Amino acid sequence: MDLTLIVVLVIALALFFDFTNGFHDTANAMATPIATGAMRPKVAVALAAVLNLVGAFLSTEVAKTISSGIIKEGDGGVQITPELIFAGLVGAIIWNMVTWLFGLPSSSSHALFGGLIGSAIVGVGFGSVDFLVVLDKVILPALIAPVTAGVVAFSATKLAYAITRRYDGRPDGRGGFRYGQIFSSSLVALSHGTNDAQKTMGVITLTLIAAGAQSAGSGPELWVVIACALAIAIGTYSGGWRIIRTLGRGLTDVKPAQGFAAETSTAATILASSHLGFALSTTQVASGSVIGSGLGRRGSSVRWGTAGRIALGWLLTLPAAAIVGAIAAWLAGFGPIGIAIDAVLAVAIIVTIFILARRNSVHSENAVAPAPVQGTSEVAASGRAVRIKKVKPLKKPRGTKKESA
């Protein structure tokens, strides 16, 4: 196949992956403010899209990790071809779509790394992958970051409730945290754009280097940054409502103070990691923060069954995407016919998933039910904090704990 044509195909597929990354990870920033009623669902995803767009321009350190770190550079350039990058992207996209169908907040980042590693191993051999970089920049952050974010969120939630203890027993007494959530969730969306859009920038840069259109070790061109920023922003605006449902209500019932603590912890962890060039999963960080905040609020509970399924998805993501990427790379080895088969199969799988998703449609109206408020029925569906008359709290039997607002 003509080199120019395959490079164009890879860039187009990379931007589609960036789009899926956007709608797959919208929940990281906006699930909790939607769940607590801090923002209307459509306003939340629109704000996240704009901030993802802005965040993509803030750093390129993670892009360099992907374009010149994970895949080794040989004497004649990087040891991977555009055809193999195409196959790796097929693996990443298919896994993203499967986990989206089941509302599973898996890692788009690890899907991308897995797809690329699997295709590189099949096409070139184990020597093409720098496993020390994978361990240092991918696997260790994946183990450490969610735990760190969870501990920080747990501490922040405890602190928030300690400072506002006078509101214990009052209906919606800590509703003011909803306004703080607008800021904290915006910070998460900004940091998500900074970290995740760069991964696609790195893939496109890797393709251009492999094709000889860019020198080895160089960072992404400006047009690459702009294209990736737009792709992830459009994907974010499309919603990703299935995963918003899981993070907004599936792990724990999120209250405003909890949401604020979780989002602040998520943003701090992601921004620090982006600065260090760690290509971590924003999904794992956000999930860890939500669990930590659930443990930190007195009277709340974490749904460990859901948490276990999410953790299983994390464990499966990198190897599953690697297997699909390896199969696609094997097919690509047959030349243009193999690449055509890859493309047709990928399109067929994606279309099938969309058809299956329509049978049980999840959208902005039914993704996350408004959060119940103690002493009242529900927070206003409009997403705005409402005035609630004082209600005399019911006496509870001794030995039981009151649930904090």
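In what follows, the structure referred to is the one given above.
The rules behind the values
- Along each chain, residue indices are assigned from 1 in the same order as the chain's sequence is written.
- Note on the predicted model: pLDDT of at least 70 is required for a residue's local features to be given, and 80 or more for side-chain atom pairs to be given and counted; whole-chain, interface and lining totals, by contrast, use all residues.
- Remark: hydrogens and water are excluded; side-chain values derive from all non-hydrogen atoms of the structure.
- Put simply, DSSP H or I for four residues or longer makes a helix, DSSP E for two residues or longer makes a strand, and each gets a number counted from the N terminus.
- Any two residues whose heavy atoms approach within 4.5 Å at even a single point are treated as in contact.
- Exposure was quantified through the Shrake-Rupley algorithm and a 1.4 Å probe, taking into account, for residues, occlusion by the shown protein chains and nothing else.
- Here, nonpolar core refers to any group of buried Ala, Val, Leu, Ile, Met, Phe, Trp, Tyr and Cys residues whose side-chain atoms link them within 4.5 Å.
- When a residue's accessible area, from a 1.4 Å probe over protein chains only, is under 20% of the maximum for its type it is buried; when over 50% it is exposed; and in between it is partly exposed.
- What a helix should span is 1.5 Å times the count of its residues minus one.
- Lines fitted to C-alpha atoms define the axes, with helix axes restricted to the stretch in contact, and inter-axis angles between N-to-C directions lie between 0 and 180 degrees.
- In these notes the angle categories are as follows: under 35 degrees is roughly parallel, over 145 is roughly antiparallel, 65 to 115 is roughly perpendicular, and the rest is oblique.
- In this scheme, a crossing is called left-handed if the near helix is turned counterclockwise away from the far one by less than a right angle; it is called right-handed if the turn is clockwise.
- When residues are sorted by character, Ala, Val, Leu, Ile, Met, Phe, Trp, Tyr, Cys and Pro go into the nonpolar class, Asp, Glu, Lys and Arg into the charged class, and all the rest, Gly among them, into the polar class.
- Any carboxyl oxygen of Asp or Glu that lies within 4 Å of a side-chain nitrogen of Lys or Arg is treated as forming a salt bridge with it.
- Exposure above 30% relative accessible area and no salt bridge define the residues that can form patches, which grow by joining like charges within 9 Å and nonpolar side chains of Val, Leu, Ile, Met, Phe, Trp and Tyr within 5 Å.
- Geometry of aromatic contacts follows a simple scheme: Phe, Tyr and Trp rings, the Trp one being its six-membered ring, pair when their centres are within 6.5 Å, and the pair is stacked under 30 degrees between planes, edge-to-face over 60, tilted otherwise.
- For the purposes of these results, a polar contact is taken to be a pair of N or O atoms within 3.5 Å, where, inside protein, one atom must be able to donate a hydrogen and its partner to accept one; residues adjacent in sequence count only when each atom of the pair is a side-chain atom.

1. Details of the overall build of the chain
Within the chain one finds 13 helices and two strands. In the chain, of all internal contacts separated by at least 6 residues, the share reaching a separation of at least 24 is 85%. With an accessible surface of roughly 16800 Å², the chain has 67% of that area assigned to carbon and sulfur atoms.

2. Some points on the nonpolar core
Among the nonpolar cores identified, the biggest contains 85 residues, and M30, I70, I85, L89, W100 and I244 are the most heavily contacted of them. Among residues more than four places away in sequence, those in contact with I85 are V10, I80, L116, V203, L206 and T207. In this structure, A145, A149, I270 and V285 belong to the second largest nonpolar core, which totals five residues.

3. Digging into helix 11 (residues 282-296)
Under the 1.5 Å per step criterion, the end-to-end length of helix 11 is 21 Å for 15 residues, consistent within 8% with the ideal 21 Å. When you tally the buried positions in helix 11, you get 14 out of 15 residues, the bulk of the element.

4. Some thoughts on the packing of helix 1 (residues 3-36) against helix 9 (residues 241-250)
At a minimum axis distance of 8 Å, the contact between helix 1 and helix 9 shows a crossing angle of 50°. The angle between the axes of helix 1 and helix 9 places the two elements in the oblique class. The handedness of the crossing between helix 1 and helix 9 is right-handed. From helix 1, H24, T26, A27, N28, A31, I34 and A35 reach across to helix 9, where they touch W241, I243, I244, L247, G248 and R249. Class assignment of the residues belonging to the contact of helix 1 with helix 9 gives a composition of eight nonpolar, four polar and one charged.

5. Digging into the pattern of salt bridges
Two side chains that carry opposite charge are able to pair once their charged atoms sit near each other. Following the criterion strictly, the structure yields two salt bridges and no others. Between D196 and K199 there is a salt bridge, with the nearest N and O atoms lying 3.1 Å from each other. Taken together, the residues D196 and K199, both in helix 7 (residues 177-210) and three residues apart, mark about one turn of the helix. When the shortest N-O distance is used, the salt bridge between R303 and D253 registers 3.1 Å. One end of the pair, R303, is in the loop between helix 11 and helix 12 (304-332); the other, D253, is in the loop between helix 9 and helix 10 (256-276), with 50 residues separating them in the sequence. In this structure R303 comes out as partly exposed when scored by relative accessible area, which is 34%. For D253, a relative accessible area of 33% translates into the label partly exposed.

6. Topic: a nonpolar patch on the surface
On the surface, a nonpolar cluster with roughly 490 Å² of combined accessible area is contributed by F57, L222, I226, L230 and I234. The topology assignment puts I226 in helix 8 (residues 222-237).

7. Topic: the packing of aromatic side chains
Under the criterion given, the structure shown has six aromatic pairs. Centre to centre, the rings of F177 and F260 are 5.8 Å apart; their planes meet at 45°, and the pair counts as tilted. Of this pair, F177 sits in helix 7 while F260 is found in helix 10, placing the two residues 83 residues apart along the sequence. Overall, F260 belongs to the partly exposed group, its relative accessible area being 27%. Within the aromatic cluster, the residues linked to one another by ring pairs are F16, F19, F23, W100 and F354.

8. Looking at the packing of helix 7 against helix 10
In the contact formed by helix 7 and helix 10, the axes pass within 8 Å of each other and the chain directions differ by 25°. For the element pair helix 7 / helix 10, the angle class is roughly parallel. The element helix 7 and its partner helix 10 pack so that their crossing is left-handed. Judged by residue contacts, F177, R178, G180, Q181, S184, S185, L187, V188, S191, T194 and N195 of helix 7 engage P256, A257, G259, F260, E263, T264, T266, A267, I270, L271 and S274 from helix 10. Here the contact of helix 7 with helix 10 is composed, by residue class, of nine nonpolar, eleven polar and two charged.

9. Side note on the side chain of D196
When its relative accessible area of 0% is taken as the criterion, D196 is described as buried. If sequence neighbours within four positions are ignored, D196 has contacts with D18, N21, D25, S109, I232 and T282.

10. Let's talk about the environment of D25
If you trace the backbone, D25 turns up in helix 1. With relative accessibility at 3%, the residue D25 sits in the buried group. C-alpha separation for the pair D25 and P105, spaced 80 residues apart in sequence, amounts to 7.5 Å. Not counting the four nearest positions on each side in its chain, D25 is found in contact with S106, S108, H192, D196, T282 and T283. Of the polar contacts made by the side chain of D25, one reaches the side chain of T283; its length is 3.2 Å.

11. Focus: the side chain of S119
Mapped onto the secondary structure, S119 falls in helix 5 (residues 108-123). Note on S119: relative accessible area 0%, which makes it buried. Not counting the four nearest positions on each side in its chain, S119 is found in contact with I80, L84, A87, G88, G325, A326 and A329.

Nothing here speaks to function; it is all geometry.
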